[in-house]
Structure formats: C-alpha cells, structure tokens
Amino acid sequence: MQETAVPSAPPTPPVSLAALLSRDDLGLRQITGPPAREVTIHGAHTSEMSDPYPYLLGGELLLTAGVHIPEAAGRPGSFDFDGYVARIVAAGGAALGFGVAPVHDTVPAGLVAACEEHGLPLVEVPPRTTFSGVARAVWQLMARARLSELRRITEAQQGLAAAASRPDPVPSVLRRLAGRLEGRAVLYGPEGAEIAAAGREPGDEVRRAMAELARFVTGHPSSTATDTVAGTRLAAYALGPGRGFVLGVAAPHRESGDHTIASVAAVLLSLLTGEHQSGTGAARSSALVRLLLGARREEVAPLLGGGEGDGAVTRWYVVHARPDTGAPDAVSASALGAALGSPLVDAADDVVRVLVPAPPRAEDGGGVRPERDGGVRPEGDGIVRPEAGAAAPRKSPAGSGPAGAGPAGPGPAAQPGWTLGVSAPVAPAEWPAADAQAARALARARATRSALVRHAERPGFADLVPPGEAEAHARALLAPIGGVPALAETLRVWLSLHGSWDRTAVALSVHRNTVRQRIARCAALLGADLDDPDVRMELWFALRHLRG
C-alpha cells in the first residue's frame, strides 16, 4: 500500500555529480560506481571518522583524506573497508571523495573494491584541490540549481494562474500542468471516475495505479501520496477536505520543483471545484444562463448573492479599479474582489470591474449624503471629492483617508495598491449607467491622484428642467461637436477638472497638447468663449444631459 513520501535527503535542489566532475578547476576523477549523470548530490561533508554514519543526513558527497585508514603505515588489511563503505551507503551517502596526499599517495585498492561492491561512486581528489574548494563548488552548483528551480516554479505559477482564468479553467489547468511535467494530469471526481484529463495517455498498469492512489488519499488523513509504477512517478493530491476531488499526476521523471508546481495546480483546482460545488457558484451559473436566454437583470440579480433586504430592491455598486503599478492579472483581480466582498469580477485590459452588492436602503431617496466626520461630500457633477484641507488621499491608508475610504464613507472602501472609481448604488436595471459612472469616477481618481473617488447624485437646479427638454437642448447646443465623440468627452473631462490641462491629459491618457488642441477646436466649433463661467456652466449642463 502507498505511503506518504518522507524525503531521505535535505530539501535542497540536488546537483549532478557529472556537473561537479566537469569543473576543470577541481580536477576530480571518478574511479568506480554508477555513471555520474545518474548520481545526485545534496551537499558536501568532510569526516575522518571511521564510522561517519551518525554525521550524515543523506545525499552528501563525503570527503576524506583517509587519516583513519592505516594502510599507508604498512599494515594492509587492518582496516574494514567493506564495513566502512556499507555504513556510508546505509546513511544515504551519495558519493565518496578520497583526497590523495598528504596521508595516501593513491586511493587504497581495498576502498576501490568495496565501493565497487556496494555501488558507491568513488571520486579521486587531486592534491592541488582542497576539500573546502570542492564544498564551495557544490554549494555554487546548488545555488544555480535553486535559482533555476525558482524561475521554473514562477513561470509555472504564472502559466497555471492564466489557465485558471480561461473560459474552460479546469481542462486548461490540467493541460498546462501536464505540459510542465511532461506527463499526465487527471481530475478524479468523488466517485473515483475521471472527470477531465490531459497529457500523454499512460499504460493500463499506470492508469490503474494512479486511480488506486487517488482512492487512497480520499480515505486517509494525508492529503498527498506518491508511488512509482513501471518507471513512472505517480502523485495524488486531495482537493479540499471532504469533497472527494483528487488531482492525479503521472510523470516519466521527477525534477526539482515538480511537487511545488503540482501543489499550485491542486490549490487552483480546489478553488475551481469548490466554486462549482458551492450553492453560490451554482446560483451564479444559473444567473448567467438566464441572462443569456433573455431574462432581465432585475430577475437574475437575487441569484448573485446580494440579498433582497425584506422585499426592497437590491442595489449594487459598480467599481472600476486599476493597480498602481503594472497590469492586473486574474489572481490580483480575484484578490481585489475578495477584499471588496464580491466574487463578481471582470478583469479586462487594464481595468478591473467588480459588481458589489450594497446594503438595503434605510429610507427611500438614495444618493450619498454629506458626512460630517467622513471627509467626503458630493459635488454638482456627481463626483465625491475630498473636503478642503483634507490630507492627500494617496498618503492615507484604507479606512482613514478622504475620498470616502473610511468607515464613514458609503460603499466599497479604498484598497492598498489600487485606484478605485465607485458608482452610486443602483438597481440592476441601472447597471449600464453605473458602469459609466464608475468609469468617470476612476478617470477622476487618476487625474487627482486619489485612492478612491465616488459618483453621487443629489437634487440640484438641473432637476427643475424636464429630462426630455434638457436632452433636446443639450443636443442642439452640442450639435457642432456631436459627431466627434473625442471632442465631447475631452470637453466634459476638462470642465469637470476646472480647466486643468495636466489633469485632463492624465484622465484621458493623452498629451496635454492634445487636450489644448481639442478644447480649442471645441471653442471654434461651438463659437463660445470657454473662459466665461456662464458658458462653462451651460455646457456642463448640456454634457450631463446628453445621452447616447
């Protein structure tokens, strides 16, 4: 029966004896034993004890000058070479290095015979090479091996994470894992049947052994087990306690780092299978199917986990986020969603969108109200700004800064390492409008270098004009630039940022000269003096009411 593997050597990247022998500066020569390429070394140790067994961990290249061997003193046969080598082999020693001079002029013939008998590689160390030099070379090779292993593991982690974000995550993860290990990867279900598999098909004996190993880990406390069948290395990983899913791996050889790579795949598959099995995951899948089949957003929203709050219409925030450095990936986007309390995450291009359920309203008439102690207030343009005199948002930790990041601020809080734009809380029917609100809030946050900016609505003079008349007036006023969306958007952002060229350029990701040219073009087409505050007010009114 299979048992969990216990390493017989220190958990360090091994190096090949052949790599050590290839060092010209050492001048080492193998006298007997298996081929050097088949021997791996986990370290180097020097000992002149007649019984080195108590001082070995396993996997070492044992170095000795034969001080304890009296053959040079003219008493051949007085030393038990067979017993000496047998103790090294019993301790797990990988090879024996014998230093020629100052004690012995040559490697004792009895030692050569004993090493050949026990299959222990024997290496001659020339007089010019010190044992410390050999040990240093071993550690240098191990350091290179460790760096190579870490690089390989990192690349594998990135590849597996990318595979997990694909539309078919489970088969993609299995394919990527099988490719990395040059073998076979199988996902077994709770009943022991193969759910999905990827990689080269093994023989019947290996397939049966892997299935048996998968059953073994589901019935024992250990979550991992290994075995070797027909020269193939097998491993099984239980995916989460009590769920019955198992990852099985079969590879023709085992390299340093393979266990770590397989463990990463097991963690990802645990999350994927756990989501598939959970009630919330099934509900979200049902919501997606209903949307694709034509259901309204209001009908499927309760399936997304927002709750209905005693019959009240569920409200949601739409959050747009960009990392402060680099581009978002699937793992960081999922972590952001977890921090905001929602698994509904969409990582597209350089912006992550998160749909976050809002708590039920305590009273009708939504909108963000001024906070006496929260440091935020809504402005007429629907964007929550920091109070005058507040500390710089980027310098404040989440929960304590302005821009609504603190507990007093409504909705999602600021997150370290991210710039966030948050919509007003809306009903599901208004999700597209909230998406646009969050996009504008994120652009404002980037332009003002704030950690978080919220969109908010409150009654104003614009509410005194019927929406239809307001929209008709807006279209007529803005008709000269209506055919060029870039001009209208640049004018809107420029007005919202009080005519700041630099901030508008940052918000639109264009050069400040481009902003100047576009604003000058708007002024010319509209025949308006954009330095006049009344003109700016009227244009802002029109831009806010222009739809489509």
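Everything numeric in this text was worked out from a predicted model, so none of it was measured.

The rules behind the values
- Residues numbered from 1 in each chain as written.
- Predicted model: local features only at pLDDT ≥ 70, side-chain atom pairs only at ≥ 80, totals over all residues.
- Heavy atoms only, no water.
- Pairing = 2+ DSSP bridges.
- Helix = DSSP H or I, 4+ residues; strand = E, 2+ residues; numbered from the N terminus.
- Axes fitted to C-alpha atoms, helices over the stretch in contact; angles between N-to-C directions.
- Contact = heavy atoms within 4.5 Å.
- Buried < 20%, exposed > 50% of the residue type's maximum accessible area, 1.4 Å probe, protein only.
- Polar contact = N/O pair within 3.5 Å; in protein donor to acceptor, adjacent residues only side chain to side chain.
- Parallel < 35°, antiparallel > 145°, perpendicular 65-115°, else oblique.
- Left-handed = near helix turned anticlockwise from the far one by under 90°.
- Nonpolar A, V, L, I, M, F, W, Y, C, P; charged D, E, K, R; others polar.

> Explain the sheet that holds strand 9 (residues 194-199) here, please?
Two strands in a sheet stick together by hydrogen bonds in their backbones, pointing the same way (parallel) or opposite ways (antiparallel). Taking strand neighbours across the sheet as the criterion, the five strands line up as 9-8-12-11-10 in an open arrangement whose pairing is antiparallel. Bordering the open sheet on either side are strand 9 and strand 10 (224-229), each of which pairs with just one other strand. Sheet twist, expressed as the average angle between the axes of neighbouring strands with direction ignored, equals 15°. Bridge count between strand 8 (residues 184-188) and strand 12 (residues 246-251): five bridges; the pairing is antiparallel.

> How should the sheet that holds strand 5 (residues 60-64) be read in this particular structure?
Across the sheet, five strands lie side by side as 2-7-6-5-4; this open sheet has mixed pairing. Looking at strand neighbours, the two that pair on one side only are strand 2 (29-32) and strand 4 (43-46), the edges of this open sheet. Strand-to-strand twist of the sheet, defined as the mean angle between neighbouring strand axes without regard to direction, takes the value 30°. Strands in contact with helix 3 (residues 109-118) are strand 2, strand 6 (95-99) and strand 7 (122-125); relative to strand 2, the strand with the most contacts, it is inclined by about 75°.

> I would appreciate a short explanation of the environment of Arg-128 in the present structure.
Tracing the sequence through the fold places Arg-128 in the loop between strand 7 and helix 4 (131-164). Judged by relative accessible area, Arg-128 falls into the exposed class, the value being 57%. Residues contacting Arg-128, with those up to four places away along its chain left out, are Asp-24, Asp-25, Leu-26 and Gly-27. In terms of polar contacts, Arg-128 uses its side chain to reach the backbone carbonyl oxygen of Asp-25, at 3.0 Å.

> Explain the packing of helix 11 (residues 431-448) against helix 15 (residues 501-508) to me, please; I cannot follow it from the model alone.
Interhelical geometry of helix 11 versus helix 15 gives an angle of 130° and a closest axis separation of 8 Å. The angle between the axes of helix 11 and helix 15 places the two elements in the oblique class. As for how helix 11 packs across helix 15, the hand of that crossing is right-handed. On the side of helix 11, the interface is formed by Ala-443, Arg-446, Ala-447 and Thr-448, while helix 15 contributes Arg-503, Val-506 and Ala-507. A breakdown of the residues in the contact of helix 11 with helix 15 according to their chemical character gives four nonpolar, one polar and two charged.

None of this, on its own, says anything about what the molecule does.
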